Amino acid sequence: MGEAREPSRSLAVFFMVLIAAITVAVLNAPRSQRPSIARSDVMPPAGPILPTVDVWLSTADHRKKLTAEPSVAMTEATSSPADIVIDSDVAYQSIVGFGAAMTDSSAWLLHNTLGEVQRDALMKELYGPPPGLNFNMMRLTIGASDFSPHFYTLDDLPFGATDPDLKHFNVAENIPDLIPVVQESLAINPGLRIVASPWSAPVWMKTSENLIGGELLETYEGAYADYLVRYVDAYRRHGIPIYALTLQNEPRFSPISYLAMPMSPQTRARIIGRYLGPKLAGRSPRTRIFEWDHNWSHPEEPLAVLGDPDAAPYVDGVAWHCYEGSQHEQGTVHRAHPDKDTFITECSGGDWPLSMNGELLWFTRNLLVTGTRQWARGVIYWNLALDENHGPHFGGCAACKGVITVDSTTGRVSRNDEYYALGHFSRFVLPSAVRIRSNDTDAEMGLANVAFRNETDGSIVLVLVNIRTEARTVSVVEGGRRFEYRMPAESVATFVWNPDPFGRWLRLIQQWSGPIRNPPRVE
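A brief look at the structure comes next. Sequence positions are assigned chain by chain, starting from 1 and proceeding in written order. Selection of residues for local features in this predicted model requires a pLDDT of at least 70, selection of side-chain atom pairs for listing and counting requires 80 or more, and totals for whole chains, interfaces and linings are taken over all residues. Only hydrogens and water are set aside when side-chain values are computed; all heavy atoms of the structure are taken into account.

1. Considerations on the overall build of the chain
- A run of H or I in DSSP becomes a helix once it reaches four residues, and a run of E becomes a strand once it reaches two; helices and strands are each numbered from the N terminus. Along its length, the chain carries 12 helices and 23 strands.
- Surface accessibility follows the Shrake-Rupley procedure with a 1.4 Å probe radius. Residue values consider only the protein chains on display as shielding. Roughly 22,200 Å² of accessible area belongs to the chain as shown, and the carbon and sulfur atoms make up 54% of that amount.

2. As for the sheet that holds strand β2 (residues 67-73)
- Two strands make a pair as long as DSSP finds a minimum of two bridges between them. Reading across the sheet, the 10 strands line up as β2-β1-β23-β20-β19-β18-β4-β21-β22-β3 and stay open at both edges, with mixed pairing between neighbours. Of all strands in the sheet, those with a lone pairing partner are β2 and β3 (75-76), marking the two edges.
- As paired elements, strand β1 (residues 52-59) and β2 share five bridges and run antiparallel to each other. Across the sheet, the residue bridging to Trp 56 is Ala 68, located in β2.
- Seen against the sheet, helix α9 (residues 360-373) touches β1, β4 (84-94), β18 (434-438), β19 (447-453), β20 (460-466) and β23 (491-497) and runs at an angle of roughly 50° to β19.
- Two residues form a contact once any of their heavy atoms are found within 4.5 Å. In this analysis an axis means a line fitted to C-alpha atoms, helices contributing only their contacting stretch, and an angle means the value between N-to-C directions, from 0 to 180 degrees. Strands β1, β19, β20 and β23 of the sheet are contacted by helix α10 (residues 417-426), whose axis makes an angle of about 165° with β1.

3. Side note on the state of the cysteines
- Our working definition of a disulfide is a cysteine sulfur pair at a distance within 2.5 Å. Going through the model one piece at a time under the given rule, you end up with two disulfides.
- A sulfur-sulfur distance of 2.0 Å marks the disulfide that ties Cys 322 to Cys 347. Between Cys 322 and Cys 347 the disulfide shows an S-S torsion of about 85°. By sign, it is right-handed. Pair noted here: Cys 322 is in the loop between β10 (317-321) and α8 (328-336) and Cys 347 is in the loop between β11 (341-346) and β12 (349-350), with a separation of 25 residues, a long-range link.
- Cys 322 gets classed as buried once you look at its relative accessible area, which sits at 8%.
- On the basis of relative accessible area, Cys 347 is assigned to the buried category, the value being 1%.
- Through a disulfide, Cys 397 is tied to Cys 400; the S-S separation comes to 2.1 Å. Residue exposure (1.4 Å probe, protein chains only): buried if accessible area is under 20% of the type maximum, exposed if over 50%, otherwise partly exposed.

4. A word on helix α3 (residues 116-127)
- Here the expected length of a helix is defined as 1.5 Å per residue gap, with one fewer gap than residues. The end-to-end C-alpha distance of α3 is 16 Å, a good match for the 16 Å that 12 residues give at a rise of 1.5 Å each.
- Taken residue by residue, α3 has Arg 119, Leu 122, Met 123, Leu 126 and Tyr 127 as its buried positions. Buried residues in α3, looked at end-on, bunch into an arc of 110°, giving them a common side.
- Elements that come into contact with the buried residues of α3 comprise α2 (104-112), β6 (137-142), α4 (178-188), β16 (404-406), β17 (413-415) and α10. Here, the arc refers to the directions that run from the helix axis to the C-beta atoms.

5. As for the side chain of Gln 374
- Looking at the secondary structure, you find Gln 374 in the loop between α9 and β13 (376-383).
- For Gln 374, the contacting residues outside a window of four places in its chain are Gln 327, His 328, Gln 330, Gly 331 and Thr 342.

6. A word on the pattern of salt bridges
- Salt bridges are defined as contacts in which a side-chain nitrogen from Lys or Arg sits within 4 Å of a carboxyl oxygen from Asp or Glu. Going through the model one piece at a time under the given rule, you end up with 22 salt bridges.
- Put simply, Lys 401 and Glu 359 hold a salt bridge, and the shortest N to O gap is 3.4 Å. Of this pair, Lys 401 sits in strand β15 (residues 400-401) while Glu 359 sits in the loop between β12 and α9, and the two are 42 residues apart along the sequence.
- In this structure, Arg 453 engages Glu 455 in a salt bridge whose closest nitrogen and oxygen atoms are separated by 3.1 Å.
- When its relative accessible area of 21% is taken as the criterion, Arg 453 is described as partly exposed.
- The class of Glu 455 is partly exposed, set by a relative accessible area of 44%.
- A network of salt bridges, in which partner residues are shared, links Arg 252, Arg 268, Glu 291 and Glu 301.

7. Things to note about the pairing of β18
- With four of five residues buried, β18 is to be regarded as a mostly interior element.
- Relative to β18, β4 is paired through four bridges, and the arrangement is antiparallel. Bridge pairing in β18 links Ala 91 to Ile 436.
- Here β18 pairs with β19 via three bridges, running antiparallel. For Val 434, the partnering residue across the bridge sits in β19 and is Arg 453.

8. Regarding the packing of aromatic side chains
- We call Phe, Tyr and Trp rings a pair once their centres come within 6.5 Å, taking the six-membered ring for Trp, and we label the pair stacked below 30 degrees between planes, edge-to-face above 60, and tilted otherwise. For the coordinates displayed, the defined rule picks out 21 aromatic pairs.
- Ring geometry for Trp 362 and Phe 363: centres 5.0 Å apart, planes at 75°, overall edge-to-face.
- Exposure remark for Trp 362: the relative accessible area of 35% places this residue in the partly exposed category.
- Look at Phe 363 and you get buried, because its relative accessible area is 4%.
- Between Phe 483 and Phe 495 the ring centres are 5.4 Å apart and the planes differ by 45°, which places this aromatic pair in the tilted class. Of this pair, Phe 483 sits in strand β22 (residues 481-487) while Phe 495 sits in strand β23, and the two are 12 residues apart along the sequence. Side by side, Phe 483 and Phe 495 carry an identical accessibility label, which is buried.
- Each residue in the set Phe 483, Tyr 485, Phe 495 and Trp 497 is aromatic and connected to the rest through ring pairs, giving one cluster.
- The rule for a charge over a ring is simple: NZ of Lys or CZ of Arg within 6 Å of the ring centre, and within 35 degrees of the ring normal. A cation over an aromatic ring shows up here: Arg 415 above the ring of Tyr 419, its NZ or CZ 6.0 Å from the ring centre.

Have a look at this one:
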């Protein structure tokens, strides 16, 4: 039945697009005129057709949660100054997407706590195209993390045994829960971009012979590169393409309660330049290498690897975490190596004292607005889903929150502040969109902003964050057009408009005809 309906729906969409095109053409076409006759009541010439701005709003007090607000009319810009000035002719990085990590804990909760019908609806809400949340990036752990039911790698052996040829490599631990849930995500969004990171090599490769602490033995650097390549191949056999690898999660950190493996920039450069880079080069589809995968506080680490002549040609980008330092270090590294991409691959919210008033403003302003202004092409939150006890977890963070909370007893799903912060971007800034110029108003006005242009229909997306405790009227100018909006206290708003009236008609028709499928993914 679905196949029979599709042609008729496509035909209806075609005629609606045609009608919209004719309407716009008629409204803009020059009128034929009779010979001029002097009259006092001649109508003045019609002005340009101005776009309408669509608005979605969230407030820190939770009264508004990504709520569609009444549209705002644009007027012709005047000489009056505006708070925010957008220049869509100046473009910066293209956007890959937004999402969250599918940890073992997240996958277990989704696969075992929710019924099939509830899980299917939730997955479509998270990964489906607009009006779904449209998540199109995901992070996976290669082996266990602190958000796993127990410690493991993909080549565990009895103590004292070794396996340099990786004869015992397997992904059996991931088959019950993780792989099926990722496959379900890909079935909804086939263009999902997946970044994978190991927390530790198998114990037989390490100086400590323990998953907690200890460095990689130089003898096994080649085998470790093979281990990562085997992971890529094994997941591809399960229909899961890996977009990018990082060499080691948080290589400057060695916790005492969960898996880790400190790794110096010299070691990372050697492994990438001698082993992993050459092994991945020339493969199709390509798997990228992201360097660093740790905090903003140590830009000298990725700079050291990017300065290595053997490693640098194989590094596609730098991955950052949010727990220490300034987002502006992303810009520091980008300016030194503008040919390398920037991604934020981990940041977690949690029930800690600093977040007692919620995390909507922090995540939208600090992670998403400033992160993308500092060249991030994608932002990946940490756990997609955790339960009411911040787990399941085995060591590590005892107060972390997921994008959603799934009650382990009832299956009830709660959407956290991070859900709405990410949604203000992921629903509207589509893959292949480009960031465009807007003046930075954060420090001076307490009003963070970032603007994008979708390449699919030319629509402009502006995200604003009012961190002040009082409402304020904000004026915006773009391309000879202007609008004003009253931003509530401590709020986030996403504005979408199309300078081409036909583009807005097209967007409305697409929304009427069904969810908008994502455009081809950018590389």
